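Below, each chain spelled out in residue letters.
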Amino acid sequence: MNATQKLFSNSALAFTSKIVVRASDALIFIMIARMVGAEDAGIFRLGKIYLSLALALSAWGLHDLLIREVAPKRNESGKYLVNFLVMRLSLAFIAFIILLFLMTLDLPYSEEGKKVIIIFSLAIFTEAAFVIFEAFFVAHEQLIVPTMAGMVSGFVKVSGAFLLLIGGTTIVSVAWMIPIGSMVGVLLFFPAAIKLFRKVPQTASLRPGFRFIRKHLHLVTGFILIGIFYNLNLQQDSFLISLFLTEKELGWYGAAQTILLGFLMLSAAMRITVYPLMARYHKKEPEKLVFFYRKINQYFIIGILPITILVSILAYQIIELVFGKSFAPAAPALQLMIWEVFFTFLHIPNARLMLVENRQKQLGWIMGVGLLVSLILNLWMIPQYGLVGAALNRSLTMMVIFLITYFYVRRSLVTFQLFPLLIKPGIAALLMTAVVLTLRNSFILWPILAGLSIYLFVIILSGGVTREDRRYLHQLIQPRNSSAM
């Protein structure tokens, strides 16, 4: 299997893994929204916000550092797994104590909301362990393991929540399925890790070591900034909405975010799969790294631009289809926030390149600038413009982060012009937009099919996909005729 085939296979598995891990919470949110209402959906979303914030503050970028360190030296991966689990769980415990303390304060939440937050917080330990195990298997390019663990965990969460909801139970009882399902998923990693160690003999002790931990805590400084700033960027708008607006409005915003996160999972999958490949190219075949970086930019632009436009135009139909007419106020927010996905995809190649080039501190500060911009805008825009202000801010912040990383990479790492790659997809997107706008009042499937058909036709006709690109796609289908990229 060559690099192109490996990227395709790993991307599919990584996307599946992210889907099954994240989709369970999204499906529970949708079930609550349709079966109970926006207010209880908002309470469920509130628990998820605080869990995500606690995980963000305790992550310290250890999963990214683990992938980078283990990918080129897998025979020492057991030592890394054990020590990184110790670090991650210790940080999770500190975050858990802080979160419990916050619930003793006079926050503007109902008693039911506070109970849900505390129940969700119990999952911080298993979720932290899941991320470390996932990074470990990603570094080994064994993505089927986290995919299966996520599937089992998701099944337990969704099926348990569904049975509780049809039984007429409270949202507090439903919240218990999050820590329970998370624990089941983590337990599945242990036999898989033991089996992997039998295939990949380990040359180092599997016991935790203080010196090892201290050494890697020094390395993680830049990753801490990246992890905290990136994850706070994802959650701080919902957190501020929970303080400034009602639980029902939080439920509406959560509906728009649920659709958004479905596409961000795709970006997370691509972020996971390109990272080990770029790390290995950097260490062993640096001449391939630049080529790979250029191709990834091209494919991301062609792939994500039409999706972003379709969701933006058809937001009302999508929200009504998934959540019902009562969630119509979520549609304007979705129309604006979906553009975060476009800029996130453009950001991925630059961010991964900075990490493999050991520029994580610079990337961390860039993420910090994005968080500061977002926080300032949200404190002004949410009280003034509500959900629409928060949604617009998400896309603006991601655009700022992308532009800063792009110009940093262009100045310091790779001489590369991105904007010419936008011309042909941009023309195809304009024609697609005209078709979709004409058909948007018909059944949702017809504007999607017609728009994508026009887009692909123009891309192929204009040479947006070259013979070289078609050769790579042919390699995916005909592995026996492929050569190394």
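Presented here is a report on the structure given in the accompanying data block.

Conventions used here
- Residues numbered from 1 in each chain as written.
- Predicted model: local features only at pLDDT ≥ 70, side-chain atom pairs only at ≥ 80, totals over all residues.
- Heavy atoms only, no water.
- Patch = residues over 30% accessible without salt bridge, like charges linked within 9 Å, V, L, I, M, F, W, Y side chains within 5 Å.
- Areas by Shrake-Rupley, 256 points an atom, 1.4 Å probe, with all protein chains shown as cover.
- Salt bridge = Lys/Arg side-chain N within 4 Å of Asp/Glu carboxyl O.
- Helix = DSSP H or I, 4+ residues; strand = E, 2+ residues; numbered from the N terminus.
- Core = buried A, V, L, I, M, F, W, Y, C linked by side-chain atoms within 4.5 Å.
- Buried < 20%, exposed > 50% of the residue type's maximum accessible area, 1.4 Å probe, protein only.
- Contact = heavy atoms within 4.5 Å.
- Axes fitted to C-alpha atoms, helices over the stretch in contact; angles between N-to-C directions.
- Left-handed = near helix turned anticlockwise from the far one by under 90°.
- Nonpolar A, V, L, I, M, F, W, Y, C, P; charged D, E, K, R; others polar.
- Parallel < 35°, antiparallel > 145°, perpendicular 65-115°, else oblique.

## A short note on a nonpolar patch on the surface
Taken together, the side chains of Phe93, Ile94, Ile97, Ile98, Leu100, Phe101, Leu102, Leu105 and Ile118 make up a nonpolar region of the molecular surface, amounting to roughly 780 Å² of accessible area. Considering every element that reaches the nonpolar patch, the biggest residue donor is helix α4 (residues 77-102), with seven residues.

## Here we look at the nonpolar core
In terms of nonpolar packing, the biggest core is built from 157 residues, with Ile28, Phe84, Phe137 and Phe323 touching the most fellow members. In terms of residue count, the dominant contributor to this core is helix α13 (residues 247-284) (16 residues). Setting aside chain neighbours within four positions, we find Phe137 in contact with Gln142, Leu143, Val145, Pro146, Phe189, Ala192, Ala193 and Leu196.

## Description of the packing of helix α6 (residues 124-139) against helix α9 (residues 177-187)
In helix packing, the relevant descriptors are the interaxial angle and the interaxial distance, both defined with respect to the helix axes. At their nearest, the axes of α6 and α9 sit 9 Å apart, and the two run at 30° to each other. Every pair of crossing elements has a handedness; the one defined by α6 and α9 is left-handed. Residue-level contacts link Thr126, Glu127, Ala129, Phe130 and Phe133 of α6 to Pro179, Ser182, Met183, Gly185 and Val186 of α9. Here the contact of α6 with α9 is composed, by residue class, of six nonpolar, three polar and one charged.

## Some points on the pattern of salt bridges
For the structure shown, the criterion picks out five salt bridges. For Asp25, the salt bridge goes to Lys48, with nearest N and O atoms at 2.6 Å. One end of the pair, Asp25, is in helix α1 (residues 3-35); the other, Lys48, is in helix α2 (residues 38-59), with 23 residues separating them in the sequence. Judged by its relative accessible area of 9%, Asp25 falls in the buried class. With a closest N to O distance of 3.9 Å, Asp25 and Lys157 form a salt bridge. Within this pair, whereas Asp25 is found in helix α1, its partner Lys157 is found in helix α7 (residues 144-166), the two being separated by 132 residues in sequence. For the pair shown, Asp25 and Lys157 are each scored as buried. Salt bridges linked by common partners bring Asp25, Lys48, Glu127 and Lys157 together as one network.

## Structural notes on helix α5 (residues 111-121)
Here α5 has its buried residues at Gly113, Lys114, Val116, Ile117, Ile119, Phe120 and Ser121. Next to the buried residues of α5 lie α2, α4, α6, α8 (171-175) and α9.

## A closer look at the packing of α13 against helix α15 (residues 315-323)
Two numbers describe how α13 lies on α15: the axes approach to 11 Å, and their chain directions differ by 100°. Relative to α15, the element α13 lies roughly perpendicular. Contact with α13, carried on its side by Ala255, Ala256, Thr258 and Ile259, involves Ile318, Ile319, Val322 and Phe323 of α15 and no other residues of that element. Residue composition of the contact of α13 with α15, by class: seven nonpolar, one polar and no charged.

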